[in-house]
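# A closer look at the structure
One letter stands for each residue in the lines below.
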There are 2 protein chains.
Amino acid sequence: MNTRAKRLIEEGRSFLLTTHIDPDGDAIGSVFAFAMALGTLGKEATVYLRDRIPYRYEFLPAPARVVHAVPEGKYDAIFVLDCGSLFRVGSGHDRIGAMAPIVNIDHHDTNDHFGTVNLVDPGASSTGEIIYRLLKSLKVKVDPDMAVNLYTAVFTDTGSLRYDNTSLEAFKICEEMVKAGVRPSWVAGMVYESHPKERFLLLGEVLCTLATYGERIAMARVTSEMFERTGTNREFSDGFVEFIKEIRGVEVAVLIREIDKQHHKISMRGKGAVDVAAVCNGFGGGGHRNAAGCRIEGTMEEAEEKILRALAPEGCTKDG
Amino acid sequence: MNTRAKRLIEEGRSFLLTTHIDPDGDAIGSVFAFAMALGTLGKEATVYLRDRIPYRYEFLPAPARVVHAVPEGKYDAIFVLDCGSLFRVGSGHDRIGAMAPIVNIDHHDTNDHFGTVNLVDPGASSTGEIIYRLLKSLKVKVDPDMAVNLYTAVFTDTGSLRYDNTSLEAFKICEEMVKAGVRPSWVAGMVYESHPKERFLLLGEVLCTLATYGERIAMARVTSEMFERTGTNREFSDGFVEFIKEIRGVEVAVLIREIDKQHHKISMRGKGAVDVAAVCNGFGGGGHRNAAGCRIEGTMEEAEEKILRALAPEGCTKDG
C-alpha cells in the first residue's frame with residue numbers, strides 16, 4: 001500500500017470523501033466503507049455525494065456524515081473514489097480539487113491520475129477491492145456495516161461475479177465479507193429485487209421491438225408512448241440493454257431511448273469483438289470498450305440508421 | 001462422508017449415474033463431475049439422462065458415456081443425484097430402482113430417502129456441494145473439466161450466489177474451482193448469454209400478461225399461441241419466473257406455462273414469507289421453500305384461480 005496515502009491518513013484528522021455522479025454500488029459502497037473505517041481510526045470523515053442515492057442502494061449502511069452540497073470545512077486530504085477524472089465528481093469538483101491534497105483511488109484503466117497521490121489499479125475488480133486492501137493495511141477490523149458496503153461494491157461491480165473482472169480476489173473478498181456478517185441473499189434481494197412492477201410492463205413492450213441484424217447486432221426501442229402506457233420514465237429502463245446482450249452470438253447490443261421525437265439516448269454493450277466506446281465516440285459520447293453511450297439527433301428511424309451504418313459500414317439486413 | 005457409500009465406490013467397478021428430468025445446472029454439473037471423478041479412480045461410469053441437455057448447459061464438459069435410454073448393463077451401484085424422489089429420474093426409474101443398490105445424493109429437504117444409502121444434506125447449497133465433499137473424501141484431484149461442472153452446479157443453483165442457500169461454503173467452493181482453472185466470466189457468458197433471440201420475443205409477450213394481486217402475488221402466463229408466434233417452446237421460458245420475482249414487495253412470483261389446454265406447469269418463487277414448496281405440494285409437486293413447482297389440471301383460468309385460492313385463501317383482488 002502507498003506510503004504517502006498511509007501517512008496522509010495517519011497524520012490527518014479530518015477528511016472529505018467523494019465519488020462520481022450517478023453513483024453505482026461500487027461508488028457508494030466503497031466511499032461508505034472507507035468513511036466508517038476512518039471513523040474507527042478516530043478520524044472525522046465527511047462524504048460528499050452530488051446525487052441522491054439510487055433506490056436500490058438505499059439499504060447500504062451510511063456513515064454519520066453524508067452531505068449533498070460541497071461542504072465548507074477544512075480538510076487534511078480529499079479522497080476521490082471510483083472516478084477516472086476529477087470532473088466525474090460533478091458540480092464543485094474544481095473547488096474540491098483546490099481544497100487539500102487529493103488521494104485518487106480507482107480501478108478504471110482510463111484514469112488520468114489527477115491526484116496528489118494516486119492509488120490506481122486497473123487490475124482490481126472494483127474500487128471496493130482497493131478499499132478492502134487499504135483497510136487491511138491500516139489494520140481496520142471490518143465490522144458488519146463496512147462488510148455490507150464492501151460486499152455490495154465488489155458484487156455489483158463484477159455483475160454479481162459474472163463479468164470479465166471477476167477475479168479470484170473478488171471471490172475471496174466476498175467470502176471474507178460473508179464471514180464478517182454479510183447475508184448474500186439479503187444484499188441480492190435489496191439490489192436486484194427492488195424494481196417496481198411497471199419496469200417489467202415496460203420491458204415487455206420494449207422486447208416486442210427487438211430485432212437483430214446479420215445475427216450480430218441486436219437493437220430495441222423505448223418510445224415516449226411506451227413510458228406513457230406503462231406509467232414509467234427513462235429511469236425504469238436502466239439496464240434493459242443488458243437483456244439484449246444475453247442473446248447468443250450477438251456482438252453489439254443497442255437500446256435506443258426516446259428523449260423527444262428529435263433526440264435519442266443510445267446505450268451500447270459489446271462482448272469484446274467490437275469497441276463500442278469508439279462507436280459512441282463517433283457520436284460525441286464515450287465509455288468503456290464493452291459499455292458505452294451517446295445521444296443522437298434525429299427521429300428514431302434516423303438514429304437506428306446512423307447506428308447501423310456505424311456498426312456495419314459494409315451494410316447489413318434485418319433478420320427475419 | 002458416509003462409509004457405506006465410500007465402500008460401494010471402492011469395491012465396485014461399474015456404476016450408473018443419473019439425475020432428474022428437465023435437468024438444470026446443478027443436476028448436469030454434479031452428475032458430470034462425479035462421473036469424471038469415478039473415471040480417474042479407474043471405475044466405469046455411465047450417465048443416464050432421460051432428457052437432452054438444455055442449450056445453456058451444452059458447454060459443460062461431458063464424461064465419456066452419456067446415454068438417453070436406460071442402459072442394459074450390470075452395475076455395482078446406481079447413483080441418483082439431485083432427486084427428491086426416485087420417480088424424478090423419469091421413465092425407467094422403476095427398472096433403475098431394481099438394478100443395484102441405490103445411492104441417493106441430494107440437498108432437497110423434501111427428499112424421501114429412497115436410496116439404499118442416502119447422502120442427503122438439506123443444509124448444502126446444492127448437490128454440487130455434496131459431490132465436492134465426496135470428491136475430497138475420495139481424494140480425487142479436481143481437474144479443470146470437473147471444476148467447470150462443479151462451479152456451474154453451485155453457481156447456478158444459488159442463482160449466481162444470490163439465493164438464500166448462498167452459504168459461505170458456496171463461495172469457498174467457487175473460489176476453489178476458480179483456482180482449479182474456471183474462468184467465471186466464461187461460464188457466466190455460456191449460462192446467461194447464450195439465449196436465442198426468440199427467448200426475448202417470448203419474454204416480451206409473457207411480460208405483457210404480468211399482473212399482481214394485493215401487491216404481494218405476481219403472476220404471468222405462457223400460452224401455446226405465444227410459443228407458436230415466437231417460434232419457441234417451453235425450454236425458452238425457463239427462468240422467466242425469476243424476472244417476476246424481482247418486483248419490489250412481491251412475496252410470491254408465479255409463472256403458468258401451458259402444456260396443453262387442460263394441463264399447466266407452474267413455477268413458483270418466494271422470498272421467505274411464504275413456503276412455496278408447501279403450496280406446490282398441495283398440487284402434488286414439490287421443491288424448496290423459495291423455489292418450487294407443480295402441474296395443475298384445468299384451463300389457464302382454472303389454474304390461476306386454484307393458485308390464487310391456495311396463496312390467498314382469504315381472497316385477493318387484481319391490482320389495477
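Residues numbered from 1 in each chain as written. Chains lettered and ligands numbered in written order. Predicted model: local features only at pLDDT ≥ 70, side-chain atom pairs only at ≥ 80, totals over all residues. Heavy atoms only, no water.

### Some thoughts on the pairing of strand β10 (residues 263-270) of chain A
All names here are of chain A.
- Here β10 lies mainly inside the structure; 6 of its 8 residues are buried.
- Both strand β9 (residues 252-260) and β10 contribute to a ladder of 8 bridges, which runs antiparallel. Its bridge partner being in β10, valine 252 is matched across the sheet by glycine 270.
- Adjacent in sequence and paired antiparallel, β9 and β10 are bridged by 2 residues.
- The pairing of β10 with strand β12 (residues 291-297) spans 7 bridges and is classified as antiparallel. If you follow histidine 263 over to β12, its bridge partner there is glutamate 297. (Buried < 20%, exposed > 50% of the residue type's maximum accessible area, 1.4 Å probe, protein only. Helix = DSSP H or I, 4+ residues; strand = E, 2+ residues; numbered from the N terminus. Pairing = 2+ DSSP bridges.)

### Remarks on the domain arrangement of chain A
- Segmentation of chain A into domains returns domain 1 (3-192) and domain 2 (197-311).
- Just the C-alpha atoms count here: the centres of domain 1 of chain A and domain 2 of chain A sit 30 Å apart. (Domains from an automatic or database assignment.)

### Some words on the relation of the copies chain A and chain B
- At an RMSD of 1.7 Å, chain A and chain B line up after a rotation of 180 degrees and a shift of 0.1 Å along the axis. Such a combination of turn and shift is consistent with a two-fold rotation axis. Minimal C-alpha distance to the rotation axis in chain A is attained by A:Gly204, lying at 1.4 Å.
- A share of 100% of the interface residues of chain A reappears at the interface of chain B, consistent with the copies meeting face to face through the same patch. (Least-squares fit on C-alpha atoms with pLDDT ≥ 70 in both. Contact = heavy atoms within 4.5 Å.)

### Section: the sheet that holds strand β3 (residues 65-67) of chain A
Residue and element names in this part refer to chain A.
- Pairing in this open sheet of 6 strands is parallel, and the strands run β3-β2-β1-β4-β5-β6 from one edge to the other. Single-partner strands in this sheet number two, and they are β3 and β6 (117-120). Across this sheet, the average inter-strand angle for adjacent strands is 20 degrees, counted without regard to direction.
- One ladder, built from 4 bridges, connects strand β1 (residues 14-18) with strand β4 (residues 77-81); its direction is parallel. (Axes fitted to C-alpha atoms, helices over the stretch in contact; angles between N-to-C directions.)

### Side note on the packing of helix α8 (residues 197-207) of chain A against helix α8 (residues 197-207) of chain B
- Relative orientation of the contacting elements α8(A) and α8(B) amounts to 135 degrees, with a least axis distance of 7 Å. The pairing of α8(A) with α8(B) is recorded here as oblique in orientation. As for how α8(A) packs across α8(B), the hand of that crossing is left-handed. For the pair α8(A) and α8(B), contact is made by A:Phe200, A:Leu201, A:Leu203, A:Gly204 and A:Leu207 and by B:Phe200, B:Leu201, B:Leu203, B:Gly204 and B:Leu207, respectively.
- Residue composition of the contact of α8(A) with α8(B), grouped by class: 8 nonpolar, 2 polar and no charged. (Parallel < 35°, antiparallel > 145°, perpendicular 65-115°, else oblique. Left-handed = near helix turned anticlockwise from the far one by under 90°. Nonpolar A, V, L, I, M, F, W, Y, C, P; charged D, E, K, R; others polar.)

### Focus on helix α7 (residues 184-192) of chain A
- Listing the buried residues of α7(A) in full gives A:Pro184, A:Ser185, A:Val187, A:Ala188, A:Val191 and A:Tyr192. Along the axis of α7(A), the buried positions cluster into a sector of 160 degrees, meaning they face one direction only.
- As for α7(A), its buried residues are in contact with α5 (144-157) and α6 (168-179) of chain A together with α6 (168-179) of chain B. (Arc of directions from axis to C-beta.)

### Considerations on the packing of aromatic side chains
- This model, assessed by the stated rule, comprises 16 aromatic pairs over all chains.
- Where A:Phe171 meets B:Tyr151, the ring centres are 6.2 Å apart and the plane angle is 75 degrees; that geometry is what we call edge-to-face. Of this pair, A:Phe171 sits in helix α6 while B:Tyr151 sits in helix α5 (residues 144-157), on two different chains. Each member of the pair, A:Phe171 as well as B:Tyr151, is classed as buried. (Phe/Tyr/Trp six-rings, centres within 6.5 Å; stacked < 30°, edge-to-face > 60°.)

### Thoughts on the pattern of salt bridges
Residue and element names in this part refer to chain A.
- Per the stated rule, a full pass over the model turns up 47 salt bridges over all chains.
- The partner of glutamate 44 in a salt bridge is arginine 13, and the shortest N-O contact between them spans 3.8 Å. Of this pair, glutamate 44 sits in strand β2 (residues 44-48) while arginine 13 sits in the loop between α1 (3-11) and β1; the two residues are 31 residues apart in sequence, bridging distant segments of the chain.
- On the basis of relative accessible area, arginine 13 is assigned to the exposed category, the value being 52%.
- One continuous salt-bridge network, built from bridges that share partners, spans Arg13, Glu44 and Arg65. (Salt bridge = Lys/Arg side-chain N within 4 Å of Asp/Glu carboxyl O.)

### So, the sheet that holds β9(A)
All names here are of chain A.
- Within the open sheet, the 6 strands sit side by side as β7-β8-β9-β10-β12-β11. Their pairing is mixed. Edge positions in the sheet fall to β7 (211-213) and β11 (286-288), since each has one partner strand and no second. Between one strand and the next, the sheet's axes are offset by a mean angle of 20 degrees, whatever the strand orientation.
- Packed onto the sheet, helix α12 (residues 300-311) meets β7, β8 (217-222), β9, β10 and β12 and runs at close to 160 degrees relative to β8.

### A few points about the state of the cysteines
- One pass over the full model with this rule turns up 0 disulfides over all chains.
- Its sulfur unpaired, A:Cys208 is 4.6 Å from the next cysteine sulfur, which belongs to B:Cys208.
- For A:Cys208, a relative accessible area of 47% puts it in the partly exposed group.
- Counting only cysteine sulfurs, B:Cys280 is the nearest neighbor of B:Cys83, a cysteine outside any disulfide, at a range of 18 Å. (Disulfide = S-S within 2.5 Å.)

### So, the pairing of strand β5 (residues 102-106) of chain A
All names here are of chain A.
- A large share of β5 lies buried, amounting to 5 of its 5 residues.
- What you see with β5 is no split at all: Ile102, Asn104 and Asp106 on one side and Val103 and Ile105 on the other are buried throughout.
- Where β4 lies against β5, 4 bridges are found, and the strand directions are parallel. Counted as the bridge partner of leucine 81 is isoleucine 105 from β5.
- Bridge count between β5 and β6: 4 bridges; the pairing is parallel. Following the sheet pairing, isoleucine 105 is matched in β6 by leucine 119.

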